Amino acid sequence: LSRGLGDVYKRQSNKRSINQITMGLLFLQLMNYTERVQVGEQYFEQEMLLGVYRYIEEHYREGSLSELAEELHYDFYTLIRMIRRLTGKNYTELVQNKRLTQAAYLLETTGLSVADISERVGYENMSYFHRIFKERYGISPKKYRVEKKIE
C-alpha cells in the first residue's frame, strides 16, 4: 500500500492533485479550528461578564470600576469597552440597576425606613435616591411600598 501511494505521488500529474487535496483538507481543518476559537472567545466573554455581575452583586454598595478591573485582571479602559459592548450599558448603569432593584425588594419585604434602605443600597444622598427611584419605577419609594403591600 505504501508503495502504491509512493508511485502515485511520483507521477508528475498526480502531484498537483495530491497537493490540492492536502491543501483542501488543511483548509477544512483550519475552518474547524476557527469555529472553536470563536466559541472560546464567546466563553471568555461570558466568563468576564459573570465576573462583572458577581462583583456588582457582592459590592454594589461601595464597589468601583477600578477595583473590578484589578480583581478581574483587566485593563481599566478595555473593561469599560467590553462591558458597554456586551451589555449595552456602562458600569454605573449596571450598579444603579442592582441598587434600585435591591431597594425595591427591601421596600416590599422589610419595614426599614426609606432613608435606611437608601443608605443600605449605597446612596448617601436621599434626594438623588428619590429622583432616580421615581425615574425607574414612576413613583416615589414610599408610594411604591404602599402599592406593593396592597397587591
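Because the structure is predicted, anything quoted here is derived from the model rather than measured. (Residues numbered from 1 in each chain as written. Predicted model: local features only at pLDDT ≥ 70, side-chain atom pairs only at ≥ 80, totals over all residues. Heavy atoms only, no water.)

Draft legend 1. The arrangement of a negative patch on the surface in detail. A surface patch of negative charge is lined by Glu58, Glu62, Glu67, Glu70 and Glu71. Inspection of the secondary structure puts Glu58 in helix 2 (residues 12-59). (Patch = residues over 30% accessible without salt bridge, like charges linked within 9 Å, V, L, I, M, F, W, Y side chains within 5 Å. Areas by Shrake-Rupley, 256 points an atom, 1.4 Å probe, with all protein chains shown as cover. Salt bridge = Lys/Arg side-chain N within 4 Å of Asp/Glu carboxyl O. Lys, Arg positive; Asp, Glu negative; His and termini not counted. Charge placed at Lys NZ, Arg CZ, Asp CG, Glu CD. Helix = DSSP H or I, 4+ residues; strand = E, 2+ residues; numbered from the N terminus.)

Draft legend 2. Up close: the packing of helix 3 (residues 65-72) against helix 4 (residues 76-87). Taken N-terminus to C-terminus, the directions of helix 3 and helix 4 make an angle of 100°; their axes are 9 Å apart at the nearest point. With respect to their mutual orientation, helix 3 and helix 4 come out roughly perpendicular. Across the interface between the two elements, Leu65, Ser66, Leu68, Ala69 and Leu72 from helix 3 touch Phe76, Leu79, Ile80 and Ile83 from helix 4. Here the contact of helix 3 with helix 4 is built from residues that sort into eight nonpolar, one polar and no charged. (Axes fitted to C-alpha atoms, helices over the stretch in contact; angles between N-to-C directions. Parallel < 35°, antiparallel > 145°, perpendicular 65-115°, else oblique. Contact = heavy atoms within 4.5 Å. Nonpolar A, V, L, I, M, F, W, Y, C, P; charged D, E, K, R; others polar.)

Draft legend 3. Representation of the environment of Ala103. Relative to the helices and strands, Ala103 is located in helix 5 (residues 91-109). Placed 18 residues apart in sequence, Ala103 and Val121 show a C-alpha to C-alpha distance of 6.4 Å. Excluding its chain neighbours within four sequence positions, the residues that come into contact with Ala103 are Ile117, Val121, Phe129 and Phe133.

Draft legend 4. Highlighting the packing of aromatic side chains. Per the stated rule, a full pass over the model turns up eight aromatic pairs. On the numbers, 5.1 Å between centres and 55° between planes, the contact of Tyr137 with Tyr144 is tilted. A relative accessible area of 26% places Tyr137 in the partly exposed class. Each member of the aromatic cluster is reached from another via a ring pair, and the members are Tyr123, Tyr128, Phe129, Phe133, Tyr137 and Tyr144. Across the ring face of Tyr60, the terminal group of Lys98 is positioned such that the distance to the ring centre comes to 5.2 Å. The cationic tip of Arg99 hangs over the ring face of Tyr123; the distance from NZ or CZ to the ring centre is 4.9 Å. (Phe/Tyr/Trp six-rings, centres within 6.5 Å; stacked < 30°, edge-to-face > 60°. Buried < 20%, exposed > 50% of the residue type's maximum accessible area, 1.4 Å probe, protein only. Lys NZ or Arg CZ within 6 Å of the ring centre and 35° of its normal.)

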